[in-house]
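Observations on the three-dimensional arrangement
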Amino acid sequence: HFAVTGGYGKFKAGDIADEGIKTGYGLLEGSFGNGTAIGAYYNSFQGDNLDNLWGAYASLNFSKDWNLLANYERVSYEKAISTERGNEDSANVWIGRLTYGNAVMATPKSWDVWVEYLNAEDGAFMGGSTNSWRFGQMDNIESWGAGIDYTFAKNAQFQVMQSFATKL
C-alpha cells in the first residue's frame, strides 16, 4: 500500500519557529503486510532563514520481534549559518535503531530492548519534536544508545535508556 500526505500551515508563536512562518510538507510512504514501511518526506519553510528539510526512512521488520529503522534527514538554510564546520547552508542527520520486541502503550506486559546510533551535524536540530529521548541534545552529536521499554499497565510505560560513546 502507498500513501501520499501533504499539507500547508502557519506557525503560531512558540519554541519551534517564529510566529508567521509558513510551511508546506509532503510525505510518500509505502507499507507492506508485515509492518515494514519505506518513505520520503519534504518540508518547505517561508519567512525564516530555514529553507527546507527533506529525508528518507526505512522501517524493516525481519520477523514478529525484530525491527531495523534507518533515517536520513537534511536541513537546508537560505543563508549560511555559523557551525562547528564553519559557515554552512545545510546539516545532515543519520539515525539507526535495532529493536527486539514491541512495547505497546495499550498492551500491558509488552516490552522491547533496543540499540541506536545518532549522528546530527551542528545546525541540524531546529528545536522541534524529534521523537528522541535525547531531546534538547540533538545538535552536533554523535552517539550510541541502548534502552529497555516495559508497559506495566495500559497507557503506562517504564523506560530506561543510556547513551555511551558520545561525542559532542
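Residues numbered from 1 in each chain as written. Predicted model: local features only at pLDDT ≥ 70, side-chain atom pairs only at ≥ 80, totals over all residues. Heavy atoms only, no water.

**Points about the overall build of the protein chain**
If you tally the helices and strands in the protein chain, you get zero helices and nine strands. Start at the N end of the protein chain and walk to the C end: the helices and strands fall as β-β-β-β-β-β-β-β-β. Counting over 168 residues, the protein chain shows a buried share of 32%. When contacts within the protein chain are restricted to residue pairs at least 6 apart in sequence, those whose partners lie at least 24 apart make up 40%. For the protein chain, the exposed surface amounts to about 10,200 Å²; the carbon and sulfur share of it is 56%. (Helix = DSSP H or I, 4+ residues; strand = E, 2+ residues; numbered from the N terminus. Buried < 20%, exposed > 50% of the residue type's maximum accessible area, 1.4 Å probe, protein only. Contact = heavy atoms within 4.5 Å. Areas by Shrake-Rupley, 256 points an atom, 1.4 Å probe, with all protein chains shown as cover.)

**A closer look at the pattern of salt bridges**
Per the stated rule, a full pass over the model turns up one salt bridge. For the salt bridge of Arg97 with Glu116, the shortest nitrogen-to-oxygen distance reads 3.1 Å. Of this pair, Arg97 sits in strand β6 (residues 86-101) while Glu116 sits in strand β7 (residues 111-120), and the two are 19 residues apart along the sequence. (Salt bridge = Lys/Arg side-chain N within 4 Å of Asp/Glu carboxyl O.)

**With respect to the packing of aromatic side chains**
One pass over the full model with this rule turns up six aromatic pairs. By way of ring pairs, the aromatic residues Trp54, Tyr72 and Trp94 are connected into one cluster. The ring of Trp114 has Arg97 lying over it, and the distance from NZ or CZ to the ring centre is 3.9 Å. (Phe/Tyr/Trp six-rings, centres within 6.5 Å; stacked < 30°, edge-to-face > 60°. Lys NZ or Arg CZ within 6 Å of the ring centre and 35° of its normal.)

**Describing the side chain of Asn67**
As for its position among the elements, Asn67 is in strand β5 (residues 66-83). At a separation of 3.0 Å, a polar atom in the side chain of Asn67 contacts the side chain of Ser59. Among the polar contacts listed, one links the side chain of Asn67 to the side chain of Asn61, at a separation of 2.5 Å. Beyond its immediate chain neighbours, meaning those up to four positions away, Asn67 contacts Ser59, Leu60, Asn61, Arg97, Leu98 and Thr99. (Polar contact = N/O pair within 3.5 Å; in protein donor to acceptor, adjacent residues only side chain to side chain.)

**So, the side chain of Asn43**
Following the sequence through the fold, Asn43 ends up in strand β3 (residues 37-46). Side-chain polar atoms of Asn43 contact the side chain of Thr23, separated by 2.3 Å. Ignoring anything within four residues of it in the chain, the contact list for Asn43 reads Thr23, Gly24, Tyr25, Asp51, Asn52 and Leu53.

**Topic: unusual backbone geometry**
We note that Lys109 has phi near 70°; this positive angle belongs to a residue other than glycine. Structurally, Lys109 is set in the loop between β6 and β7. For Asn155, which is not glycine, the phi dihedral falls at a positive 65°. Within the secondary structure layout, Asn155 lies in the loop between β8 (141-153) and β9 (156-167).

**Topic: the nonpolar core**
Judged by nonpolar contacts, Ile21, Tyr41, Phe45, Leu50, Leu53, Tyr57, Val75 and Tyr77 together constitute the single largest core of eight residues. Those elements giving two or more residues to this core turn out to be β3, β4 (50-61) and β5. For this core, the element with the most residues is β4, which contributes three residues. One finds Ala91, Leu118, Ala120 and Ile141 within the second-largest nonpolar core, a separate group that totals six residues. (Core = buried A, V, L, I, M, F, W, Y, C linked by side-chain atoms within 4.5 Å.)

So, to be careful, I would describe these as geometric facts and stop short of saying anything about function.
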